[in-house]
Every structure is written in structure tokens, then in C-alpha cells.
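Here are the chains, one letter per residue:
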Amino acid sequence: MGAEDTVGLVGEALAGDQLALTRLVAILTPVVQARVARTLLARRPWLAGGRDIRQEVEDLTQEIFLALFSRSAHVLRSWQAERGLSLENFVGLVSERHVVSFLRSGKRTRSKEDLATGEELEATAAESGPEEEAASREQLQLLLERLRQSLSPLGRQVFELLFVQELSLPEAMAASGLSADAVYAWRSRLRRHARELLAELSSSSSAPRKPEEGAPG
Amino acid sequence: MSEDPNEDVLLRKLGHLARFDDRWDRLAAGTLSEEEAAELRALAETSAEAREAYEAFRPLGAEFHDAVVRKIQESVVTPPAKLLRFRRRVLRLAGWGAVAAAAAALVVLLRPPTLPGYSLAEISGGSRATRGETTEPVVWAPGDRFQATLRPQTEVKQTESLDAQASLHRGHELRRLRVRTQVDERGAVRLDGSLDRDLPPGDWTLWVVVGRRGALPDPAGLPSTASAAPLRARNWVAVSLALRIHPEPP
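Sequence order sets the numbering: in each chain, residues are counted from 1 along the sequence as written. Just so you know, chain letters begin at A and ligand numbers begin at 1, following the order they were written in. It should be noted that, the model being predicted, local features are given only for residues of pLDDT at least 70 and side-chain atom pairs only at 80 or more, the latter also being counted only at that level, while totals for whole chains, interfaces and linings use all residues. Think of the side-chain values as coming from all heavy atoms in the structure, minus any hydrogens and water.

A. Quick peek at the overall build of chain B. Elements are defined by DSSP. Helices are runs of H or I of four residues or more, strands are runs of E of two residues or more, and each kind is numbered from the N terminus. From N to C terminus, chain B includes seven helices and 11 strands. Think of it in three bands: residues with accessible area under 20% of the maximum for their type are buried, residues over 50% are exposed, and the middle band is partly exposed, with areas taken using a 1.4 Å probe on protein chains only. In chain B, which comprises 250 residues, the share counted as buried stands at 40%. For chain B, the share of sequence-separated contacts (at least 6 apart) that also reach a separation of at least 24 residues comes to 69%. Accessible areas in this description were obtained via Shrake-Rupley with a 1.4 Å probe; residue shielding takes into account the shown protein chains only. Accessible surface for chain B amounts to roughly 14300 Å². Of this, 53% is attributable to carbon and sulfur atoms. Whether two residues touch is decided by their heavy atoms; if any such pair falls within 4.5 Å, the residues are in contact.

B. A look at the overall build of chain A. Counting secondary structure elements, chain A contains 10 helices and zero strands. Counting from the amino terminus, chain A carries its helices and strands in the arrangement α-α-α-α-α-α-α-α-α-α. Per-residue burial over chain A gives 46% buried out of 217 residues. Residue pairs at least 24 apart in sequence account for 65% of intrachain contacts in chain A once pairs closer than 6 positions are excluded. Put simply, chain A shows about 10700 Å² of open surface, and 50% of that area lies on carbon and sulfur atoms.

C. Inspection of the packing of helix H3 (residues 53–77) of chain A against helix H5 (residues 61–75) of chain B at higher detail. Orientation of H3(A) relative to H5(B), taken along the N-to-C sense of each, is 35°, at an axis distance of 10 Å. With respect to the hand of their crossing, H3(A) and H5(B) are arranged in right-handed fashion. Across from Glu58(A), Thr61(A), Gln62(A), Phe65(A), Leu66(A) and Phe69(A) in H3(A), the residues of H5(B) making contact are Phe64(B), Val68(B), Lys71(B), Ile72(B) and Ser75(B). Amino acids are sorted into nonpolar (Ala, Val, Leu, Ile, Met, Phe, Trp, Tyr, Cys and Pro), charged (Asp, Glu, Lys and Arg) and polar (every other residue, Gly among them). Residue classes in the contact of H3(A) with H5(B) are distributed as six nonpolar, three polar and two charged. Every axis in this analysis is a line fitted to C-alpha atoms, fitted for helices over the stretch in contact. Angles between the N-to-C directions lie between 0 and 180 degrees. Should the near helix be turned counterclockwise from the far one by less than a right angle, the crossing is left-handed, whereas a clockwise turn marks it as right-handed.

D. Quick look at the packing of aromatic side chains. Only the six-membered ring of Trp is used, alongside the rings of Phe and Tyr, when aromatic pairs are assigned; centres must lie within 6.5 Å, and planes under 30 degrees apart are stacked while those over 60 apart are edge-to-face, with the rest tilted. Applying the stated criterion across every chain yields a total of five aromatic pairs over all chains. Note on Phe159(A) and Phe163(A): the rings are 6.1 Å apart at their centroids and 35° apart in plane angle, and the pair reads as tilted. One end of the pair is Phe159(A) and the other is Phe163(A), both in helix H8 (residues 153–164) and four residues apart, which spans about a single turn. Comparing Phe159(A) with Phe163(A) shows no difference in burial state: the two are buried. For the pair Trp24(B) and Phe57(B), a centre-to-centre distance of 5.3 Å together with 55° between the ring planes defines the contact as tilted. Here Phe57(B) lies in helix H4 (residues 48–57) and Trp24(B) lies in helix H2 (residues 22–29), a separation of 33 residues in the sequence. For the pair Trp24(B) and Phe57(B), one class covers both residues: buried.

E. View of the interface of chain B and chain A. At the interface, 45 residues of chain B touch 45 residues of chain A. Values labelled buried area give the accessible surface lost by two parts on being combined, using a 1.4 Å probe and summing over both. The contact between chain B and chain A buries some 4600 Å² in all, and 67% of this surface belongs to carbon and sulfur atoms. Should a side-chain nitrogen of Lys or Arg be within 4 Å of a carboxyl oxygen of Asp or Glu, the pair is scored as a salt bridge. At the junction of chain B and chain A, the tally comes to three salt bridges. For the purposes of these results, a polar contact is taken to be a pair of N or O atoms within 3.5 Å, where, inside protein, one atom must be able to donate a hydrogen and its partner to accept one; residues adjacent in sequence count only when each atom of the pair is a side-chain atom. Across the contact surface, chain B and chain A share 14 residue pairs in polar contact (both at pLDDT 80 or more). Listed by contribution, the elements that provide at least two residues to the side of chain B that touches chain A are helix H1 (9–19), H2, H4, H5 and strand S10 (231–233) of chain B.

F. Looking closely at the confidence of the model for chain B. Residue-level confidence of the predictor is summarised by pLDDT, bounded by 0 at the bottom and 100 at the top. Summarising the model, chain B shows a mean pLDDT of 78, and 76% of its residues fall at 70 or more. Across residues 77–94 of chain B the pLDDT falls below 50, and counting only partners more than four positions away or on other chains, this stretch makes nine contacts in the model.

G. Structural view of the environment of Pro217(B). Along the chain, the position of Pro217(B) falls in the loop between strand S9 (202–212) and S10. If sequence neighbours within four positions are ignored, Pro217(B) has contacts with Leu19(A), Gln165(B), Val209(B) and Trp236(B).

H. Structural detail: the packing of helix H2 (residues 18–42) of chain A against H3(A). All names here are of chain A. H3 packs onto H2 with a crossing angle of 125° between their chain directions and a minimal axis gap of 9 Å. Taken together, the axes of H2 and H3 are oblique relative to one another. The two elements H2 and H3 cross, and the hand of that crossing is right-handed. Residues Leu21, Leu24, Val25, Leu28, Thr29, Val32, Gln33, Val36, Ala37, Leu40 and Leu41 of H2 pack against Ile53, Arg54, Glu56, Val57, Leu60, Thr61, Ile64, Phe65, Phe69 and Leu76 of H3. A breakdown of the residues in the contact of H2 with H3 according to their chemical character gives 16 nonpolar, three polar and two charged. Roughly parallel covers angles under 35 degrees, roughly antiparallel covers those over 145, roughly perpendicular covers 65 to 115, and oblique covers all other angles.

I. Broad picture of the environment of Ser78(A). For Ser78(A), the position within the fold is in the loop between H3 and helix H4 (87–105). Linking Ser78(A) and Leu68(A), residues 10 residues apart in sequence, is a C-alpha distance of 9.8 Å.

J. Quick look at unusual backbone geometry. If you check the backbone angles, Ala73(A) has positive phi at about 60° while not being a glycine. Structurally, Ala73(A) is set in helix H3.

K. Here's a closer look at the nonpolar core. Among buried residues, those of type Ala, Val, Leu, Ile, Met, Phe, Trp, Tyr and Cys that are joined through side-chain atoms within 4.5 Å constitute a nonpolar core. In this structure, Leu24(A), Leu40(A), Phe65(A), Phe69(A) and Phe57(B) are the most contacted members of the largest nonpolar core, which totals 53 residues. Mapped onto this core, the elements with two or more residues apiece are helix H1 (3–14), H2, H3 and H4 of chain A together with H2, helix H3 (34–44), H4 and H5 of chain B. Val138(B), Leu162(B), Leu199(B) and Leu241(B) belong to the second largest nonpolar core, which has 28 residues in total.

Below is the structure:
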């Protein structure tokens, strides 16, 4: 769906067109769900033990829709296509903030007031705009690509074992055949290299990339 | 690892990004290829964490969509009908303003009344008939004839202005079905039609819409998934049904 169609659909849904609202919910539900799921899983220790992740995803997804439409849909109305952020990205970022706020609050359930006002969303929006957050997400994706490109096969394997599969030290040792000291050394190298790449991207995101010298290999 | 885990924040963020690639977005959207779906199902069997991730991203489904739409509608305060305010204003107006307002009010009054809710009373096709609500997909074959009857919840006024349409939806695919429509004096609508002979097998959603002639919605705007509750506007009601098309028997 093009930006113009999306603007039209949002306008119709806000004007009370049930069909448009149904379509909008159908389009945005997977976006909200995926962002809720990612944010919850990335911060799994913050979620109280024994809580069912599926139930949390359902509850939070529903809460986010209600927050988007509460108070005359002031959060949804604040989306402006001309600022360059797609509706999906905008709603994704709103969702992420909502989940982080929920996890920080430590509440088992949120009150109706919390759901209705969306004030937390506005407060965090004042700190950094959705466009800036989207840019940082893209930068992280770029950083991941560069890290993978610049690592040797062994470096990539250690990264996969320790940080993608999140294996323990003994598991990573068994899977790679490396000693504990070698795994520790690799972790330090990976950390240093990731920071160097991040600094390089931050200082000159549009400049042509220089060949990696001294990259772990 | 005994070192401070905060030292690895950046690497852990990158690991998380790598772990949940865009296949997981497609799982939530229900658009995975068969191969990718099998990969993620297999992955979900490898650990408790992977199973939890699979549960978190598994599509929420049509019932969830319906519940969200209902809750949004309940949370929105509907403004009072403008017609009442308009009438009060007419009493205070004079001269040409009053004439114009009266003409506008006449147009409003001549509009057909809002349609009541409708439900699918019966649908039949191929060799079976289904009465009332069903949770199982109805199974038909390409080329099957079908009949569907929609009944209003309350009396319908101006039944002579009623019309109906039917369409099949799957993802971005849309098939408009040719139907003959009969309307009885109480507003019940019966549609007779047949499925395309080249209709691909698989799961489809049938949308049957009854409404005022000239005011029926564009089928392209209807969702591709079935909705437990009918969609309603002032001049039309759309009812959906999950349909499974089996290949035509030899």
C-alpha cells in the first residue's frame, strides 16, 4: 500500500468508517505484534516469571491499539507521512515504547488510565523522535551486516554461538572446539570490533567505507 | 562468562537483531513460504526459548482482529446525531436560509433508513448445506453452484431498493462472483451463483454483502480473512465465511 493510500485509510478509519478501521487493524496487527514480541523477548528477564508470553503479546497488542485511538486518536493523528516515516514504522516505534514502559513499570496489569492517556508515549517522544529511533535501528542493522562481512568464519561462528544462540561458555566451547581462554579472547575482540564499526558508522554514515584493517580474523 | 554482561550490550543487541530476522515478521503476518514455515516450526522444537518465540510471533488471527475493532469502537464516544441539532437550528432560521435548511432536511428524511443487522441463515453448495453459524470451513469445488440466504434481525423498510453481491478473497486475490438475487417482503435476501471453474484450490474467504442499490462497497476494500462479526455501514452489511476449495474430482 502506498503512502497516499495509507493516509486515506487512516483518515477514513478516524472518520468512523468501520470497513477502513477493520482494514487498518488487519494491516497493523502483525506490525504491532512483531514489535511487541521482539521487545518482550529482548528483555525477557524483566518479565515476571511464569507469565505466559502469548498472553502478554495479546494483551499488549490490544493495549497499544487502544492507546493509538484513545483521546480522539491523538497518538495516531500525530503520524505525518511527509516526515518520511511509514505508518508501520511509526506504529512499531510507538509499540516498542509502550512495551518498554510497561516492563519498567513492573505492573502485572496496567490501569485503564495508563492505557487511555498515552502520556508516556508523548513524554518519550519528546526525548527522541520516531525518526531518530528509526535511524538508529537502521544503523544497527547496517552494523550487523558490516560485522558479519568483516569477520573471519571463526569470528562469525563465535558471534553466532555467544550472541545469536546465546550459548553458555561450556556450550560455546563444545560447539567451537575452542578453549575457555580462546572464547574469552574472541569475545573481547568482537566487542572492540563492534564498537569500532559503530564509531565509524556514526562519524561518517554516508562516506564510502574504508577497507577493514586489523579486523579480527 | 564471568565478565560484566553490560559490557556486551551492543553485541547482545546485534545478536537479538540477528536472531529475529524478517522471517519472524512474516510469521506474524501469516505470509511465510511453506519452506520458511517448516524452518521456524523445526526451530521451535529445539529449545524452550525458541518455542516461546514461536508462540509470541504466531499470528493472532481473525477473532483477535474483530475483538480489537470492537474495543476501539467501544472506546470511541460517538458524537450525537447531527440531524437533531440541525432541526433545532431550522426553527431559528428565516427567509432563504430556512428554505435551504428545509430542503437539506428533506433530503435527509428521504434517505433510505439504516439497514438492520443481517446474518447468514443458510448456505449450500456442492452436496452439502450449512445452517446458521459454523466454525468449520465449508468445503466446495471449482464450478460448484451455491445458494446463500441472509436474514435481517429486524424488519427492513424499502426492500425494493435492496441488492446483494458476493466475492471470494485470498491474500491479494479477489474473485467477484456472478449472482442472481431474490429479496422477499421481509428483507431476507437469497443469492444463487456458481464458483469459477478455474478457481484455485485452497482456503478462501467468501464475503456476501446485502445493501441499498448503488451503495454496496467495493469488494476490493473487504478484508481477505473471515470476520466473526458482520461488517456494517449505514447502507450495507457484509457477512463472511471461511471456504475451502478442493480440487475438482476427476
